Amino acid sequence: MVLVASLQIASCRADDLVMQDRYAGDVGDFMKLGLLRWLVAPTPFAPQHHLGVIWYRVPDQSHNADGKHTGYLDPSSEAGQDLRPLDPELYDHLRTMVASGNRSVASIAACGALPAATRYYDGVLDFSGLASSDRTSRIVRRERWFHEAMVAVDSCSLVFVDPDNGLRRDDHAVPAHRNLAEKHVYLSEVQRLLERGQSVVAYHHADRSERVPDQAQSRMDDIHDELGVEPVAAVQASRGSSRLFLVIPSNEHHRSELDDRLAALQMSNWGDELRVHRWHRASAMA
């Protein structure tokens, strides 16, 4: 059974709610979903994690060509021959979904890409209808949205947060109630999940500000500095564009499990596609 919770915001038209939908099934999704499947799968030493997904859906305002990177789903292509052996079941699920023309996060939830017990939250985070100067109403709207998200994934042991752009410190120059902040997860939101015993995987889109391995260390340093938590690692996927997945444990038991799973990932065929950057304490002390 697929469990999906939504908070609809009346000011958004239904045909606007497609930012993440147009990416559904692209090569970035294959990497993302493949990593999540690996991290939650049972091992001889640990049971399966109960996964929750908070999509951080926002209205699509760019209307560009992003999300068209689906050529890898041709199994005769070079990319298809490289990627399908990594997770044939996932590959075939996504290939069927994209071929159907129904690309959406709801279709990902329904197609079997993630374990059947996965809980999803696809409510839209949007400040439309609120003046940019109305700080209080914007804070309340975002708080209401995140509260609904937490309720939706309350039974999960591992939560994936999937903003369009990535992770931000709370002292960032653009606070969480400003325009375009909806495309980011702020560390105070991550902290609320950690505080109730849920480990977190957070998406972060790498930019050109510095080398990707340096960005990975910088984001992990942010997590350590602001939350007082030592992250396990940042996993880098570079097909299409470079993406990072920050793996943040809520307790030492989860840390050990996730560390073991990432060590096994590095030794598997996925190791050629997903590079694991371990957090180094020295980088936070430099």
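Visitor: Sorry, what's going on with the nonpolar core here?
Guide: In summary, soluble globular proteins display a tendency toward joint burial of nonpolar side chains. Judged by nonpolar contacts, the single largest core of 43 residues is most densely connected at F30 and L262. Sorting elements by how many residues they give to this core places helix α1 (residues 27-40) first, with eight residues.

Visitor: Explain the packing of α1 against helix α8 (residues 252-267) here, please?
Guide: When two helices pack together, their arrangement is given by the angle between the helix axes and by the axis-to-axis distance. Closest axis-to-axis distance for the α1/α8 pair is 9 Å, and the angle between their directions is 125 degrees. As summarised for this structure, α1 and α8 are arranged oblique, according to the angle between their axes. Relative to α8, α1 is oriented so that their crossing is right-handed. Contacts from L35, W38, L39 and V40 in α1 reach L258, R261, L262, A264 and L265 in α8. Looking at the contact of α1 with α8 residue by residue, the class counts come to eight nonpolar, no polar and one charged.

Visitor: Could you clarify how one ought to interpret the pairing of strand β2 (residues 51-54) in this entry?
Guide: Taken residue by residue, a regular strand's side chains alternate between the two faces of the sheet. Here β2 shows two buried faces, one formed by L51 and V53 and the other by G52 and I54. With four bridges joining them, β2 and strand β4 (residues 158-161) adopt parallel strand pairing. Residue pairing across strands places V53 opposite F160, the latter belonging to β4. As judged from the three bridges shared by β2 and strand β3 (residues 119-121), these two strands associate in the parallel manner. Bridged to G52 within β3 is R119.

Visitor: Help me out: how do you make sense of the packing of aromatic side chains in this one?
Guide: To describe a pair of aromatic rings, one takes the distance between the centres and the angle between the planes. This structure, assessed with the given rule, holds 10 aromatic pairs. Ring geometry for F30 against Y72: centres 5.7 Å apart, planes inclined by 50 degrees, an arrangement best described as tilted. Here the residue F30 occupies a position in helix α1, and Y72 occupies one in the loop between β2 and α2 (78-83), the gap between them amounting to 42 residues. Site record: aromatic cluster; members linked through ring pairs are F30, Y72, Y91 and W270. Directly above the aromatic system of Y23 lies the positively charged group of R22, at a separation of 5.1 Å from the ring centroid.

Visitor: Honestly, helix α5 (residues 135-152) in this entry has me stumped. Any pointers?
Guide: Counting along an α-helix, one turn takes 3.6 residues, and residues three or four places apart therefore face a common direction. Under the 1.5 Å per step criterion, the end-to-end length of α5 is 26 Å for 18 residues, consistent within 8% with the ideal 26 Å. When we look at burial in α5, the residues that qualify are R138, R141, R142, W145, F146, A149, M150 and A152.

Visitor: Honestly, the pairing of strand β8 (residues 233-237) in this entry has me stumped. Any pointers?
Guide: Of all five residues in β8, five are buried; the element is thus mostly enclosed. On β8, burial covers both faces: A233, V235 and A237 on one face and A234 and Q236 on the other are all buried. Relative to strand β9 (residues 243-248), β8 runs antiparallel, the two being bridged by five bridges. By the bridge assignment for β9, V235 is matched with F245. Following β8, the chain reverses through five residues before pairing antiparallel with β9; G240 in that reversal takes a positive phi of roughly 80 degrees. Alignment of β8 against strand β10 (residues 274-278), held across five bridges, turns out to be antiparallel. The residue of β10 that forms the bridge with Q236 is R275.

Visitor: Would you mind showing me how to read the pattern of salt bridges here?
Guide: Two side chains bearing opposite charge may form a pair once their charged atoms approach each other closely. For the structure shown, the criterion picks out 18 salt bridges. The partner of R37 in a salt bridge is D87, with the nearest N and O atoms 2.7 Å apart. Linking R37 in helix α1 with D87 in the loop between α2 and α3 (88-100), this pair joins segments that are 50 residues apart in sequence. A relative accessible area of 12% means that D87 is categorised as buried. Put simply, R192 and E143 hold a salt bridge, and the shortest N to O gap is 2.8 Å. Placement of R192 in helix α6 (residues 187-195) and of E143 in helix α5 is noted, with a sequence separation of 49 residues between them. What makes R192 partly exposed here is its relative accessible area of 28%. Within the structure, one salt-bridge network assembled from shared partners comprises R169, D171, R219, D222 and E226.

Visitor: Whenever I open this one, the confidence of the model for the chain confuses me. Can you help?
Guide: Reading predicted coordinates in detail is not appropriate for stretches of low pLDDT. Mean pLDDT for the chain: 90, with 89% of residues reaching 70 or above. In this model residues 6-18 is a low-confidence stretch, pLDDT under 50, and it forms 29 contacts with partners more than four residues away in sequence or in other chains.

Visitor: Teacher, can you tell me more about the environment of Y56 here?
Guide: Structurally, Y56 can be placed in the loop between β2 and α2. In this structure, the C-alpha to C-alpha distance between Y56 and A149, residues 93 residues apart in sequence, is 9.2 Å. Within the structure, the side chain of Y56 is placed 2.8 Å from the side chain of E189, a separation counted as a polar contact.

Cut-off values and rules
Residues numbered from 1 in each chain as written. Predicted model: local features only at pLDDT ≥ 70, side-chain atom pairs only at ≥ 80, totals over all residues. Heavy atoms only, no water. Core = buried A, V, L, I, M, F, W, Y, C linked by side-chain atoms within 4.5 Å. Buried < 20%, exposed > 50% of the residue type's maximum accessible area, 1.4 Å probe, protein only. Helix = DSSP H or I, 4+ residues; strand = E, 2+ residues; numbered from the N terminus. Axes fitted to C-alpha atoms, helices over the stretch in contact; angles between N-to-C directions. Parallel < 35°, antiparallel > 145°, perpendicular 65-115°, else oblique. Left-handed = near helix turned anticlockwise from the far one by under 90°. Contact = heavy atoms within 4.5 Å. Nonpolar A, V, L, I, M, F, W, Y, C, P; charged D, E, K, R; others polar. Pairing = 2+ DSSP bridges. Phe/Tyr/Trp six-rings, centres within 6.5 Å; stacked < 30°, edge-to-face > 60°. Lys NZ or Arg CZ within 6 Å of the ring centre and 35° of its normal. Expected span 1.5 Å × (residues − 1). Salt bridge = Lys/Arg side-chain N within 4 Å of Asp/Glu carboxyl O. pLDDT = per-residue confidence, 0-100. Polar contact = N/O pair within 3.5 Å; in protein donor to acceptor, adjacent residues only side chain to side chain.

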